[in-house]
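Working through the structure, step by step
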Amino acid sequence: MKKLYKPKFDANALKTMMFVLAGTLIFSSCKKTTIIEYNEAGSNTGTVTNPTTGFTKPVVEVAAGSITVNTKWTKDNIYRLNGFVRVGRDAKNKAGLAAIESITLTIEAGTVIIGDRETKGTLVVQRGNKLIAEGTASQPIIFTSERAPGLREPGDWGGVVLCGKATNNQAGGEAELEGAYEGWHGGTNDADNSGILKYVRIDYAGTPINPNQEVNSLTMGSVGTGTVIDFVQCSYGLDDAFEWFGGTVNAKHLIAYRGLDDDFDVDFGFRGTVQFAVGIRDANSADQSGSNGFEVDNDGTGSSVAPYTSPQFSNVTLIGPKKDRTKTISTQFQNAMHLRRNNKIKIYNSVFTAYPNGLFIDGATTLANAANGELVLKNNVLAGVDGWGANGYGTGGTTTFPNPIGVETKSTGNVGAQTIDVWFKTASFANETYAKWEDIGIDGSIFDLGATPKLTLNTGSILLAGANFTGLTGFDVVTHRGAFGTTDWTTGWASFTPQTNTY
């Protein structure tokens, strides 16, 4: 198969690598010594200069396998993940090797990590180990494609996977992440600590492991509250941007940008608190399974098994793909919120617009949870698209209106004795609906490709006030609804044009 990207090594680079390793390790002509083996031998200087890469810094090749000693990656190198690179080793590994825990991979602020396309480069932090990836606003840590500007595609590499020991609702309290790549997660410690991800960007991830089984940009399997997730952007992923499988980890300042499937996918009893999150979609990029802002399940079958999926989200802004009535969007786009399979999510002070459907509560058990006050939506705003049919979601349109056609709120039945629209507009819930997004004071540039969007609210926006945190804990108390007020917390570290970035 012809490569569309530059090779990892040429003859001079390989000679350089062997020179660096010579005298330190014994290796034979039939086995190439790897950087991982070099680190396991106690060295952290396995840097290889490869003049053919086109990168501005030396590239360190990190081979598939387990990092078994505390390791630090520094910003003066670029690190390439080859295959599944694991921090530590889980006890359930398929090779039957002894578990390795208490290993920490530390990544210096400003470091760039790339994933090998051919081998599906992926970073997996196994249970009992840590990733300390703490960037800064001026020097974020970047995980991205190995390909040159202009050639990068969703799914060029795997993604970042955190596996923890917090509880979930799977049989026996543990499970393997989809794709069967030994991402085992689960335990009994809801305060478990998998490390820190702060000021981190993850671009072009989501490689398929098996048909319809891709790695998410950031996967969190049973991650506990000891873990810090703050200021993380996932862009152009081939699957979900963020997915939680059980666990209790809290998170703030999340950006899901132009991914293919769902922005925020929640399963297996996740119970953390998430505040300040934005999702922005691309009109032409949606998954065959149907793309949503939120997709929320208790588990895959909707069983009544505790702990229930019952996270709290506040100050979320989800921007769908349809900026105006003439904009053609993929027919695979579905809902700003698809709440299904017996979940008990709580969403407060949030804003949703430009999806075919605003809210879809799906299934009798999920509707019963809403009727019982266990699934909660309060102080939220739904807005349509100007002139898109009779109600801003396409209903009442003609064949001249691009599909899909949807509704403001929908469900598979009533919420108790109430229809879904009556329930959503219950006065004490303080939810609001508007015919078009212009009415709520967000800026139109938030939809546009190739430019830095204006994420803060326009002067006079109704969203600058109206947030309510009465009776809530674990949130920063702010006045604005949605992810932004007058301060843009993405400034300096986020990037909305990763295709053209040079590293």
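Attention in this report is confined to the structure presented alongside it.

Criteria and thresholds
Residues numbered from 1 in each chain as written. Predicted model: local features only at pLDDT ≥ 70, side-chain atom pairs only at ≥ 80, totals over all residues. Heavy atoms only, no water. 1 Å grid on protein atoms, 1.4 Å probe; cavity = no way out; pocket = protein on both sides within 12 Å on 5 of 7 lines; lining within 4 Å. Points joined across faces, edges and corners; volume = space filled by probe spheres on them. Helix = DSSP H or I, 4+ residues; strand = E, 2+ residues; numbered from the N terminus. Nonpolar A, V, L, I, M, F, W, Y, C, P; charged D, E, K, R; others polar. Salt bridge = Lys/Arg side-chain N within 4 Å of Asp/Glu carboxyl O. Buried < 20%, exposed > 50% of the residue type's maximum accessible area, 1.4 Å probe, protein only. Contact = heavy atoms within 4.5 Å. Polar contact = N/O pair within 3.5 Å; in protein donor to acceptor, adjacent residues only side chain to side chain. Phe/Tyr/Trp six-rings, centres within 6.5 Å; stacked < 30°, edge-to-face > 60°.

Remarks on the layout of surface pockets
As a volume, the largest pocket reaches approximately 440 Å³. Counting only elements with at least two residues in the lining of the largest pocket, the list comes to strand S19 (242-245) and strand S21 (264-267). Here the residues of the lining of the largest pocket are counted per class, giving 3 nonpolar, 4 polar and 15 charged.

Quick notes on the pattern of salt bridges
The final tally for this structure, using the stated rule, is 23 salt bridges. For arginine 117, the salt bridge identified is with aspartate 156, shortest N-O distance 2.7 Å. In this pair, arginine 117 sits in the loop between strand S7 (112-115) and strand S8 (122-125) while aspartate 156 sits in the loop between strand S10 (141-145) and strand S11 (160-163), placing the two residues 39 residues apart along the sequence. For arginine 117, a relative accessible area of 29% gives the class partly exposed. In this structure, the salt-bridge partner of arginine 481 is glutamate 432, at a minimum N-O distance of 3.3 Å. Taken together, the positions of arginine 481 in the segment after strand S32 (432-434) and glutamate 432 in strand S32 put the pair 49 residues apart, joining distant regions of the chain. Overall, arginine 481 belongs to the buried group, its relative accessible area being 5%.

Notes on the environment of leucine 105
Following the sequence through the fold, leucine 105 ends up in strand S6 (residues 104-107). Taking the C-alpha atoms as reference, leucine 105 lies 9.1 Å from glycine 195; in sequence the two are 90 residues apart. Dropping the residues within four chain positions of it, leucine 105 is found in contact with Ile67, Thr71, Trp73, Val87, Leu123, Lys130, Leu131 and Ile132.

Digging into empty space enclosed by the protein
Considering all chains together, one arrives at 2 cavities of 30 Å³ or more under this definition. What the largest cavity holds in volume is close to 70 Å³. In this structure, the largest cavity is lined by Val278, Thr317, Val351, Ile442, Ile446, Leu455, Leu457, Leu463, Arg481, Gly482, Ala483 and Phe484. The residue inventory of the lining of the largest cavity, partitioned by class, reads 9 nonpolar, 2 polar and 1 charged. Reported here for the second largest cavity is a volume of approximately 30 Å³. Residue lining of the second largest cavity: Leu177, Glu178, Tyr181, Glu214, Val215, Asn216, Thr219 and Phe245, and that is the complete set. Counted by class, the lining of the second largest cavity contains 4 nonpolar, 2 polar and 2 charged residues.

A look at unusual backbone geometry
Residue alanine 306 is joined to proline 307 through a cis peptide bond whose omega torsion reads -5 degrees. Take proline 307: it is sitting in the loop between strand S23 (294-296) and strand S24 (312-319). If you check the backbone angles, phenylalanine 231 has positive phi at about 60 degrees while not being a glycine. Using a relative accessible area of 10% as the deciding quantity, one classes phenylalanine 231 as buried. In the Ramachandran plot, asparagine 349 falls in the positive-phi region, its phi being about 55 degrees despite a non-glycine side chain. Tracing the backbone through its elements, the reader meets asparagine 349 in the loop between strand S26 (346-348) and strand S27 (351-353).

Focus: the side chain of asparagine 292
Tracing the backbone shows asparagine 292 in the loop between strand S22 (273-280) and S23. Take asparagine 292: its relative accessible area is 0%, and that puts it in the buried class. Separated by 3.3 Å, the side chains of asparagine 292 and glutamate 295 make a polar contact.

Focus: the packing of aromatic side chains
Tallying each qualifying case throughout the model produces 24 aromatic pairs. Note on tyrosine 199 and tryptophan 493: the rings are 5.9 Å apart at their centroids and 80 degrees apart in plane angle, and the pair reads as edge-to-face. Of this pair, tyrosine 199 sits in strand S14 (residues 195-203) while tryptophan 493 sits in the segment after S32, placing them 294 residues apart in sequence. Its relative accessible area of 16% is what places tyrosine 199 among the buried residues.

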